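Topology and contacts: notes
The primary structure of each chain is shown beneath.
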Amino acid sequence: MDTGLIGILTALLAASVRMATPLTLAGLGETFSEKSGILNIGLEGIMLSGAFFSFIFAYYSQSILLGLLGGCLGGVFISMIHGYLSVRLNVDQTIAGLALNFLALGLTSFFFLMAFGRTTDLPECPVVHQIAIPLLSDIPIIGPAFFNQDPFIYLTFLLVALCYVVLHRTEWGINIQATGEHPRAADAAGISVSGTRYRAALLNGVFGGLGGSYLTLALLGFFMENITSGKGYIALVVVILGRRHPVGVLMAAILVGAAEALQFRMQTMGFGIPSQVFNMFPYVITVLVLLFSIGKNRTPAALGEPYIRNNR
Amino acid sequence: PSSSLARNIKVALLLSGPANDGGWNAVALKGLKDAEKKFGIETAYTEHVSVADSESAFIDYAAQGYDLIIGHGFQFGEPAVRVGKRFSRVKFVAIESNFSSKNTASFRMSIEQAGYLMGIIVASMSETGVIGIVGGMEVPSIVKYIEAYKIGAKSQRSDIKILESYVGTFTDVAKGKEAAMAMIDQNADVLSHIANQAGTGVIKAAQAKGLMATGDSWDQNVIAPKTIICSALYHVPTLVLNVVKLVKEGNFKGGIYNQGMEDGVVALSPFHSFESKVPASVKKKVASLTKKISNGSFTVPLIEKRTSN
Amino acid sequence: MPLLCMKQVCKSFGKVQANQKVNLTVERGEIHALLGENGAGKTTLMNILYGIYQPDSGSILMDDQPVSISSPGEAISLKIGMVHQHFMLVPTLSVSQNITLGIKERGYPFTDRKEVDRKITRVSREYGLDIDPTAIIEDLSVGVLQRVEIIKLLYHQAELLILDEPTAVLTPQETENLFAVLKRLKEDGRSIIIITHRIAEVQSIADRVTVLRDGARVGCDNIGNVGEARLSEMMIGRQLDTAVRETSHQNRLNEAAVLSLENVSLNGRNVNILSKLTLELKPGEILGLAGVDGNGQKELAEVIVGIRRPDSGKVLFEGNDVTILGVRKRKRIGMAYVPDDRHHDGLILDMDLSSNLILNAHDQPPFARFHFLNDQVRRRHAEQTITDYQVKTPGVGTLVRYLSGGNQQKIILARELDGIPKLIVASQPTRGLDIGAEEFVNKLLLAQRDRGAGILLISADLDQLIKLSDRIAVIFDGRITGLLNNHAGIDLAEIGLKMAGVA
Amino acid sequence: MRNQVKILGELGSMILIAAITALVGTILVLAVGADTGKAFGAFFSGILGSFYSFTEVLVRATPLILAGLGVAVAFQARFFNIGAEGQLYMGAIGATWAGLYLPAMPLYLHLGIAMMAGFLLGGIWAVIPGFLKSQYRIPEVINTIMFNYIAINIVGILVRTVMANKTSPLPMSPRLSDDLHLPFLADPTRLHAGLLVALVSAVLVYLFLYKTTWGFELRAVGNNPRASSCSGISVKKTIVISSLISGGLAGLAGGSEILGVHGRLMEGISPEFGYIAIIVALLGRNHPFGVVLAGVGIAALQIGATTMQRRAGVPASISLIIMGLLVVLILGRQYWIKSRST
Ligand SMILES: Nc1ncnc2c1ncn2[C@@H]1O[C@H](COP(=O)(O)OP(=O)(O)OP(=O)(O)O)[C@@H](O)[C@H]1O
Ligand SMILES: Nc1ncnc2c1ncn2[C@@H]1O[C@H](COP(=O)(O)OP(=O)(O)OP(=O)(O)O)[C@@H](O)[C@H]1O
Ligand SMILES: [Mg+2]
Ligand SMILES: [Mg+2]
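Residues numbered from 1 in each chain as written. Chains lettered and ligands numbered in written order. Predicted model: local features only at pLDDT ≥ 70, side-chain atom pairs only at ≥ 80, totals over all residues. Heavy atoms only, no water.

1. Brief notes about the overall build of chain A
Quick reminder of the rule: Under the scheme used here, helices are H or I runs from DSSP no shorter than 4 residues and strands are E runs no shorter than 2 residues, and both carry numbers assigned from the N terminus. Throughout, radius of gyration means the C-alpha value; the globule benchmark is 2.2 Å times the number of residues raised to the power 0.38. Burial classification: accessible surface area is computed with a 1.4 Å probe over protein chains only, and a residue below 20% of its type maximum counts as buried, one above 50% as exposed, and the rest as partly exposed. Contacts are assigned to residue pairs with any non-hydrogen atoms lying within 4.5 Å of each other. Surface accessibility follows the Shrake-Rupley procedure with a 1.4 Å probe radius. Residue values consider only the protein chains on display as shielding. By the counting scheme adopted, Arg and Lys are positive, Glu and Asp are negative, and His together with the chain ends is not counted. All charge positions are set by atom: Lys at NZ, Arg at CZ, Asp at CG, Glu at CD.
A tally of regular secondary structure across chain A gives 13 helices and 2 strands. Here chain A has a C-alpha radius of gyration of 20 Å; the compact-globule value for 312 residues is 20 Å, and the two agree. Each principal axis of the C-alpha atoms in chain A carries an extent, and together these give about 65 × 50 × 45 Å. A buried classification covers 64% of the 312 residues belonging to chain A. Of the contacts made within chain A by residues no fewer than 6 positions apart, 76% connect residues no fewer than 24 positions apart. Accessible surface, chain A as shown: approximately 10,300 Å² in total, 70% of it carbon and sulfur. In chain A, the 16 positive side-chain charges and the 15 negative ones have mean positions that sit 11 Å from each other.

Here it is as structure tokens:
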């Protein structure tokens, strides 16, 4: 393996993209949700549920496709509860999201225990493998990072592009934006606010579930309690950092991924200082990046606000 | 002591994480269940006991009439001593701690012994001359393994390059895998871990890249038979059995105890499919060192704070 | 056969009966005015028609066919269109995106924007409503927004147009334009329901009028059959005595100015909002500031009271330079501000009435001592205010959100006038108020003037300016383009031209 | 009559919630093959089984109330503070530092200063995002989440370096002297004066929010920043002050855990208190007294669930499920009550 600067950069970028993938997927879903006006802190729960059900489906069917389906369903299960609570019951969206995180952690651990008992042998499901795209993967530095990865990552790029088109190039995107900025106006224009928000919640579940499945179906091939370990919270950060724009979310996720990849590499040099100095590197970087993007943020005006037609 | 054998004692176990972690906590629970079978004792356990909850967990079990309460992790040491003052009848044990009192004992496993030997094996197996080890949280019970591992590896091959990192978590499997990938990118061809669940990610990384890895806690060969050279075993079950036996026989005394290869608590697993691949000279060296460590003629250095390479 | 027939419509919100057995009939090709005080139930009735609210009972017939309109979407498909009292436009979207919001144009969801834009331009030309389809809503002034809302209805080819207080924010010229458009629509055979508080407007545009009071219909007639006095009596149930300005104060005009602005400039993102603006205001006079919305009035008001700092120039208050003082300090030395946007700038809707009444003075004795609030004093003060200003409210602890617009405005006025200010900046103080409430505010302003306060009255309503002002200044594009003494023979046309930046 | 119906409705909905939770709990307990009677017995005796068990609930409630108050103050000013966890850890650092390194002084003074140090450090940890929000409009949600992770790592670094215990390799600070401990309120239980600090804080926060001009401004800014600034209230200053107080209260939670429970600084002293505090604040409707009730309620739930785990051998995941479910049901209940009353 090449160990020169080019080699290091290549490996770093490839690692960044890998780590960015689950964050990007979940971030895309949350982007839909937040643009439509629902703030879902329960992203962690969505991802965890997605990871669990994708594993269960893939384990019993030995089929990756069914695994993906399971992941989506798992994510949707949590996101639709949140959607129902926010859209129909108009409850506080933050507290509902937090509660669902606890619920999802409990449910997945419980079901896993039920299915496999207390065991040290690791039940495994099939995983997707890396596929090099001819020619493209030979491009120096970015080739291996973007074109010699597993199909999941290609799917993610595809979805980023698709989400960009849907959100910024179609009427659907306009409807979603209207619902999040001025639900009353959207309603008056004949757009169903609750329908739009439910659909956004559905997408959030699908994407977040896919993000969780990435862990089981691509990265690891097994499930463990709390396998997401806070990635959902980081994905929330990525959404804001990426300014709720699909490409921005991808970039932000790669940035966070790169910071993480870098800290692992710095640690291996074996300085005799506490590892925490390195472990907090990605978080510090995020704060610094935010500092340099001052004033460019715009939050959907109705984010987190329930829409009640009879109120004014 | 035969009279106390008749008494049916109650033993409780506190775990800091999920009992279902396939590692550190799972083996401890297995020990408890073994003890239950062997001695016919009554047992109970609690998982996910946080630092904030450990004292109340000790108190609750003590008040419920348990005779022996084991906290599986260094952080249980101090609360055990504190609660021990109030329940002088009850025996407390913390594993990997260094707190003790009249009725509180700390049992420390000399896993550095396994780390040292593992370093030798790994260094001998590496073709690239680069090896890597991933730790979970940076705590003494992990650090001492890694530091001994580094010394062992250097003793086998002085030009060996050792990559080490701590992922700061025992649960984040994806992080463990990425830490390993970072090492693979830097040419490491044998990877070790002492990171519990997160370590499984390390094994997965090696497996995916067709490289070698070592296991930890229990014989992890089953996870990746073609990848795992050998595992460092901590017979926590044995430890638990030892402790329960002491209590049952009324021989329990507070204090700090080290248990290692000599007590059958620390060991290396068989090589399984690597039996033929590990050079005979290395196998011989490891075997003789094991003997020396067990009979006390060789002491592996105990370093509990991270040093620079 | 009438186009629309609403029969015995009832709607209540909790204990409030917003509509009680209301009947409304609208013929094809008719302009029908809906009249009533604030809170009479006009908007509620229209919201029911547009599918936003569901009636508790009653029925709606269109072309004699009973219809149930359970959402705005259904209303739209019945070719009903509505311009709401508060604009329903998404600030981050373009004009054209707002216009096609919710409808499936050719190519949907990849709507052909270019074609839509062309269609919009065509429609807008046809009715003389000039608009740039690609402009973003949040960059536009209210007058233009109104235009967008109307074009939206035309674009949708609505047969029945509902306009809820469309003229409240328009200048006379804009109102005239609007009415011209409405008349053309009527000739095209469309029907229009218009809500307004201005009786003169009703008489100039409507064919028939329906009057609501306290949620019930008090009458419906051809416009020719009812005079102005009769209409206002139907509305408020009594005769209105109008405020009259006396000119006797003129002798104070040679006193030192209470407010002078010297070459005040304010830069926007890439335009000058105010350019070297100079203006003087004497104690005891009302200086009316006429102008089309969006020519710097709001910013000027904010510079005077200290919400914004000018980029250059000076603000003098009683001869002292106050340019660098903050809002709080300026209010302490005798400035008062009645903002145009009650809900955003003037009130804290989710705090109670008594708290809103002390928003400037909350840390001053007697409301607070050593930073501790005195609840009792605050409550008593609120009770006093409720009687003094005849605020209609269940109690002092009511959230301001639940007061009607007129009563909300009274809260702001009561608060701002409490300190016996020397300078009052009043921006659109009667916008959206019914005639009763409007008279109340007018009288209050005149009383303040007679007391000796200098008042800068910013209004888009020329009639009001002429009724109240001693002098009238015209603002255009951030500059004062004219300053006239108000007397009987004042040239309205000249003001209009200056407002349009022509003269 | 109306009132009676309402009360009956509320009571009914509470019973329904309890019934649903109990049903789900029973199913889960049966699924793992544990003894349901034992499990529920343990749940309730964990909370109210004895005076001692109730004090355990209060010990648990103490940091939840303090951090919950902090979150509530921030939320009232519409400062979305998700960083109570990090602020709590910073408070723990401050209290430990003051406890270890300040020169000898009278005990109560020393305790007071140590708590103040906790308040201060927690406050600083929230004021940075507060300042960045008010000055540069940088979203506080990101910063407060990031600051959580950073704070936890800082604790990790400190207990291994400058604040490390020289005599032991374990990652812990030296132990505070035994006297330097918040007084116990009911020996031999673990109930300590941190609870009093929490209750007094609740009263003070109440007075601050509803009886002082600063609190008035804070609520005004939280409700409508634009109108507040138009009437002369400094929005920036208010956000900075509210974030300081918010973080300070969370810092007090950390200080009280150090001085009342642990006696030294180490990692992991907060089992997500800072995140649960958000639930506490919101369930308490951001009102100080509501926070006290919600804090005790959530603490009881947690203690009951862990006791159930300990004594009946059900897995910890069941308590997570029950907690999540209960919060969701309570949220739903608020909706039913609201929709019925209008
Ligand atoms: N969403 C609502 N919730 C509760 N009550 C309402 C609501 N909307 C209207 N009301 C009640 O219905 C009555 C009529 O309100 P409506 O908005 O129809 O008046 P309006 O005639 O349009 O007044 P204005 O001239 O001020 O616009 C009000 O007095 C109010 O009490
Ligand atoms: N949420 C609500 N609950 C109860 N009554 C309400 C509510 N919102 C508005 N109202 C009532 O609706 C009536 C009219 O409200 P509306 O907002 O239309 O007032 P308005 O005079 O038109 O003010 P503006 O046009 O300036 O907003 C008022 O009498 C008010 O009391
Ligand atoms: Mg109205
Ligand atoms: Mg109105």
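Structure shown, so let's carry the discussion forward.
2. Examining the overall build of chain B
Summing up its helical and strand segments, chain B has 10 helices and 12 strands in all. Radius of gyration (C-alpha) of chain B: 20 Å, near the 19 Å computed for a compact globule of 309 residues. Counting only C-alpha atoms, chain B reaches 60 × 40 × 35 Å along its principal axes. When burial is assessed residue by residue, chain B has 67% of its 309 residues classed as buried. Of the contacts made within chain B by residues no fewer than 6 positions apart, 69% connect residues no fewer than 24 positions apart.

3. Examining the coordination of the magnesium ion (ligand 3)
All names here are of chain C. Heads up, the rule is: Coordinating donors are taken as N, O and S atoms within 2.8 Å of the metal, stretched to 3.2 Å for Na, K and Ca; because water is absent from the atoms, sites can appear incomplete.
Distances from the magnesium ion (ligand 3) to its protein donors, namely Thr43 (OG1) and Gln85 (OE1), fall within the range 1.8 to 2.3 Å. Separating the magnesium ion (ligand 3) from the magnesium ion (ligand 4) is a gap of 4.3 Å, bridged by Gln85, which donates to each. Residue Thr43 is located in helix α1 (residues 42–49), and its partner Gln85 is located in the loop between β6 (80–83) and α3 (95–99); the two are separated by 42 residues in the primary sequence. A relative accessible area of 15% means that Thr43 is categorised as buried.

4. Remarks on the interface of chain A and chain D
The cut-off we apply is this: The quantity reported as buried area is the accessible area (1.4 Å probe) lost by two parts once they are put together, taken as the sum for both. By definition here, a salt bridge exists when the distance from a side-chain nitrogen of Lys or Arg to a carboxyl oxygen of Asp or Glu is within 4 Å.
In this assembly, 44 residues from chain A lie in contact with 44 residues from chain D. Note on chain A versus chain D: buried area summed over both sides is about 3,900 Å², and carbon and sulfur give 84% of it. Sorting the residues of chain A by area buried against chain D places Ile95, Phe102 and Phe110 of chain A first, and these three jointly supply 17% of that buried surface. At the junction of chain A and chain D, the tally comes to 0 salt bridges.

5. Some remarks on the sheet that holds strand β16 (residues 335–338) of chain C
Residue and element names in this part refer to chain C. Put simply, the test is: A strand pair is defined by DSSP finding two or more bridges across the two strands. Lines fitted to C-alpha atoms define the axes, with helix axes restricted to the stretch in contact, and inter-axis angles between N-to-C directions lie between 0 and 180 degrees.
The 6 strands lie next to each other as β16-β19-β20-β13-β21-β22, forming an open sheet whose pairing is mixed. In the strand order of this sheet, the two ends are held by β16 and β22 (479–485), each with one partner. The sheet shows a mean angle of 15° between the axes of neighbouring strands, direction not considered. Relative to strand β20 (residues 454–459), strand β13 (residues 286–290) runs parallel, the two sharing 5 bridges. Each residue of the ladder has a partner; that of Leu289, found in β20, is Ile458. Across the face of the sheet, helix α15 (residues 435–451) comes into contact with β13, β19 (423–427) and β20 while running at roughly 150° to β20.

6. Examining the environment of Lys245 of chain B
Structurally, Lys245 of chain B is set in helix α9 (residues 236–248). A residue is classified by how much of its surface remains accessible, and Lys245 of chain B, at 41% relative accessible area, is partly exposed.

7. Details of the pairing of strand β10 (residues 216–222) of chain C
Residues and elements named next belong to chain C. Two elements, strand β9 (residues 208–213) and β10, share 6 bridges in a ladder whose sense is antiparallel. Counted as the bridge partner of Thr210 is Cys220 from β10. Hairpin geometry of β9 and β10 is characterised by an intervening segment of 2 residues between the two adjacent antiparallel strands and by a positive phi of about 50° at Asp214.

8. What about the site of ligand 2?
Note the following rule: A molecule or strand has a residue near it when one of that residue's heavy atoms lies within 4 Å. Polar contact is the term for a pair of N or O atoms within 3.5 Å; when the atoms are in protein, one must be able to donate a hydrogen and the other to accept it, and sequence-neighboring residues count only if both atoms are side-chain atoms. Polar here means any residue outside two lists: the nonpolar Ala, Val, Leu, Ile, Met, Phe, Trp, Tyr, Cys and Pro, and the charged Asp, Glu, Lys and Arg; Gly therefore counts as polar. Domain boundaries shown here were taken from an automatic or database domain assignment.
Of all residues adjacent to ligand 2, which total 10 residues, the nearest are Gln85, His86, Arg342, Tyr402 and Gly405 of chain C. Per-site note: the chains with residues close to ligand 2 are chains A and C. A distance of 3.3 Å separates an oxygen atom of ligand 2 from a polar atom in the side chain of Asn38 of chain C. Gln85 of chain C is positioned such that a nitrogen or oxygen atom in its side chain is 2.6 Å from an oxygen atom of ligand 2. Look at ligand 2: alone it shows 620 Å² of surface, and the protein chains cover 74% of it. Of the residues assigned to the shell around ligand 2, the class counts are 2 nonpolar, 6 polar and 2 charged. Counting contributing residues, the shell around ligand 2 receives three or more from each of domain 1 (4–236) and domain 3 (348–418) of chain C.

9. Some thoughts on helix α2 (residues 36–48) of chain D
Residue and element names in this part refer to chain D. Which entries qualify depends on this criterion: One fewer than the residue count of a helix, multiplied by 1.5 Å, yields its expected span. The directions from the helix axis to the C-beta atoms are what the arc is built from.
Under the 1.5 Å per step criterion, the end-to-end length of α2 is 18 Å for 13 residues, consistent within 8% with the ideal 18 Å. Where α2 is concerned, the buried positions are Ala39, Ala42, Phe43, Gly46 and Ile47. Buried residues of α2 fall within an arc of 120° about the axis and therefore sit on the same side. Exposed residues on α2 whose side chains face more than 90 degrees from its buried face are Phe44 and Leu48. Where α2 begins, the capping side chain belongs to Asp35, and its oxygen is found 2.9 Å from the backbone nitrogen of Gly37.

10. Quick word on the pairing of strand β2 (residues 16–26) of chain C
All names here are of chain C. Where strand β1 (residues 4–13) and β2 come together, 7 bridges link them in antiparallel fashion. Pairing of Val9 across the sheet is with Val22, part of β2. Following β1, the chain reverses through 2 residues before pairing antiparallel with β2; Gly14 in that reversal takes a positive phi of roughly 55°.

11. Regarding the packing of helix α3 (residues 51–63) of chain B against helix α4 (residues 77–86) of chain B
All names here are of chain B. Counted only if it meets this: A crossing counts as left-handed when the near helix is turned anticlockwise from the far one by less than a right angle, and as right-handed when that turn is clockwise.
Between α3 and α4, whose axes approach to 9 Å, the crossing angle comes to 35°. The hand of the α3/α4 crossing is right-handed. Across the interface between the two elements, Ser54, Glu55, Phe58 and Ile59 from α3 touch Pro79, Ala80, Arg82, Val83 and Arg86 from α4. Considered class by class, the residues forming the contact of α3 with α4 number 5 nonpolar, 1 polar and 3 charged.

12. Quick word on the sheet that holds strand β1 (residues 10–15) of chain B
All names here are of chain B. With parallel pairing, the 6 strands of this open sheet are ordered in space as β2-β1-β3-β4-β5-β11. If you trace the sheet from one side to the other, it starts and ends with β2 (42–46) and β11 (255–259), each paired once. Adjacent strand axes in the sheet meet at a mean angle of 20°, parallel and antiparallel pairs treated alike. Relative to strand β4 (residues 91–95), strand β3 (residues 68–72) runs parallel, the two being bridged by 4 bridges. Bridging across to β4, Ile69 finds its partner in Phe92.

13. Side note on the interface of chain A and chain C
Contacts between the two partners involve 23 residues from chain A, matched on the other side by 32 residues from chain C. Around 2,200 Å² of area is buried between chain A and chain C when both sides are counted, 58% of it from carbon and sulfur atoms. Inspection of the chain A/chain C interface yields 2 salt bridges. Linking chain A with chain C are 9 residue pairs in polar contact (both at pLDDT 80 or more). For the side of chain A that touches chain C, the secondary structure elements donating two or more residues are α6 (151–169), α7 (171–181) and α8 (183–188) of chain A. The dominant element in the side of chain A that touches chain C, judged by the number of residues it contributes, is α7 of chain A, at 7 residues. Classifying every residue of the side of chain A that touches chain C by side-chain character gives 9 nonpolar, 6 polar and 8 charged.

14. Observations concerning helix α7 (residues 194–211) of chain D
Residues and elements named next belong to chain D. For α7, spanning 18 residues, the distance from its first C-alpha to its last is 24 Å, which sits close to the expected 26 Å at 1.5 Å a residue. Those residues of α7 not exposed but buried are Gly194, Leu195, Ala198, Ser201, Ala202, Val205, Phe208 and Leu209. Taken around the axis of α7, the buried residues stretch over an arc of 145°, which confines them to a single face. Turning to α7, the residues buried within the fold contact α3 (51–76), α8 (213–223), α10 (235–262) and α12 (288–312).

Taken by themselves, the reported measurements are silent on function.
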